[in-house]
Amino acid sequence: MGLRKGSRGVGRIAVRATVVVASLLCGAMAAPAKPPAASWLFTSFHGNGDGLHLSVSTDGGHQWRDLHKVFLTPSVGSKLLRDPHILRGPDGVYRMVWTTGWKDKGIGYAHSRDLIHWSDQRYLPFMEGVPGTANAWAPETIHDPTTGRYVITWSSDIEGRFPQTRRSGQMNNRTYYVTTKDFRTFTKPRVLIDPGFDHIDTTIQRVGRRYIAVFKEGDNQERGRWGPIQWAVADRVLGPYRLMPKPLVTGERAEGPTLVTDGDRTRLYVDYYANGRYGAFETKDWREWTDVSDTVALVKGQRHGTVLKVPSPLVQTLEAAR
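Residues numbered from 1 in each chain as written. Predicted model: local features only at pLDDT ≥ 70, side-chain atom pairs only at ≥ 80, totals over all residues. Heavy atoms only, no water.

A word on the overall build of the chain. Secondary structure summary: the chain contains 2 helices and 20 strands in total. By the burial criterion, 51% of the 322 residues in the chain qualify as buried. Long-range contacts, defined as pairs at least 24 residues apart, comprise 48% of the intrachain contacts of the chain with a sequence gap of at least 6. Just so you have it, the chain exposes about 16,000 Å², and 54% of that area is on carbon and sulfur atoms. (Helix = DSSP H or I, 4+ residues; strand = E, 2+ residues; numbered from the N terminus. Buried < 20%, exposed > 50% of the residue type's maximum accessible area, 1.4 Å probe, protein only. Contact = heavy atoms within 4.5 Å. Areas by Shrake-Rupley, 256 points an atom, 1.4 Å probe, with all protein chains shown as cover.)

Set out below in structure tokens:
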């Protein structure tokens, strides 16, 4: 009798366990996929510089979706917003710099905590006091952890500087920089990178223990070629930078390079501005590169921007603000 009663009890327990397991499995099958902890934002401008556009990727930067909103309309300098670069500082604040005009001698600056509500825009006149300055293009910001200061870079052509590389009718840009702790007071502008030729659109990223600068060499129509995407390496943010012997991208009209490092992989995006499209390349060692342009779908019409990693809840907030 005892054995039979125990058997019936075991049977009831087994049935209940089966029901519980089945319910758990069904619940697991029906549960929505857990959203990623972080997403990627691609900053850009459209047209001649209408304002800040954002697109989002949740798959590591392959498929990009436009958020269909101008998140900041320019109001300083010549009132363009081109080449927007956003850096999230150690304090959690997003700081953006941009090109305000073709012939302006300063850059635009604003900051935000959510990329929706922005501070008043400011014009930072870094080169206004430098005679012969023709422009201040494509600024970017990087934080130097060794000094706790921010480094702001941009490209300028200054009459009389580097005459040995000036060609008739062409510009002669170099990468300049200032440093700041508070975005109120700045050091005097100095040359950061002089590879011996005209170049623009410098972007700098820390990769391992090195700092890698990628930039577009100026087009040299006297020699009948489009300027390649070059790179240089340094042990510190402020250099000195050593030009690498082999360009990263050649043979096409490319500009506006931007880098994204995720784990052991680095991706390079370039704006094929003459063809209205982007190219993408990947590497794990900076020796061998794979063209992954066919696997990347960026937003049509976007121009020269940069990529940053952000918490996924922020993307949800941005989408709700459209």
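For the rest of this paragraph, the subject is the pattern of salt bridges. Using the criterion set out here, one finds 13 salt bridges in the structure. Among the ionic pairs, Asp91 bridges to Arg95, the shortest N-O distance being 2.9 Å. On the basis of relative accessible area, Asp91 is assigned to the partly exposed category, the value being 40%. By relative accessible area, which is 11% here, Arg95 ends up buried. (Salt bridge = Lys/Arg side-chain N within 4 Å of Asp/Glu carboxyl O.)

Mapped onto the elements of the fold, Ile212 is located in strand E13 (residues 210–217). With relative accessibility at 0%, the residue Ile212 sits in the buried group. Placed 23 residues apart in sequence, Ile212 and Asp235 show a C-alpha to C-alpha distance of 8.8 Å.

Spatially, E12-E13-E14-E15 is the arrangement adopted by the 4 strands of the open sheet, whose pairing is antiparallel. Both edges of this open sheet fall to strand E12 (199–207) and strand E15 (242–243), since each of them pairs with a single strand only. Examined bridge by bridge, E13 and strand E14 (residues 229–234) share 6 bridges and lie antiparallel to one another. Bridge pairing in E14 places Tyr211 opposite Ala234. (Pairing = 2+ DSSP bridges.)

In this section: the packing of aromatic side chains. Tallied over the full model, the rule gives 12 aromatic pairs. With centroids separated by 5.5 Å and ring planes inclined at 75°, the aromatic side chains of Phe42 and Tyr278 adopt a geometry described as edge-to-face. Separated by 236 residues along the polypeptide, Phe42 in strand E1 (residues 38–44) and Tyr278 in strand E18 (residues 277–283) bring together distant segments of the chain. Residue Tyr278 is classed as buried on the basis of its relative accessible area of 11%. Relative to Phe183, the ring of Tyr109 has its centre 4.7 Å away and its plane inclined at 10°; by these criteria the two rings are stacked. On the criterion of sequence distance, the pair formed by Tyr109 in strand E6 (residues 107–112) and Phe183 in the loop between strand E10 (173–180) and strand E11 (190–193) is long-range, its members being 74 residues apart. Of the two residues, Tyr109 and Phe183, neither departs from the other in class, the shared state being buried. Within the aromatic cluster, the residues linked to one another by ring pairs are Phe42, Trp64, Tyr269 and Tyr278. One cation-aromatic arrangement involves Arg174 over Phe162; the distance from NZ or CZ to the ring centre is 4.3 Å. Above the plane of the ring of Trp226 lies Arg253, whose end atom (NZ or CZ) is 4.1 Å from the centre. (Phe/Tyr/Trp six-rings, centres within 6.5 Å; stacked < 30°, edge-to-face > 60°. Lys NZ or Arg CZ within 6 Å of the ring centre and 35° of its normal.)

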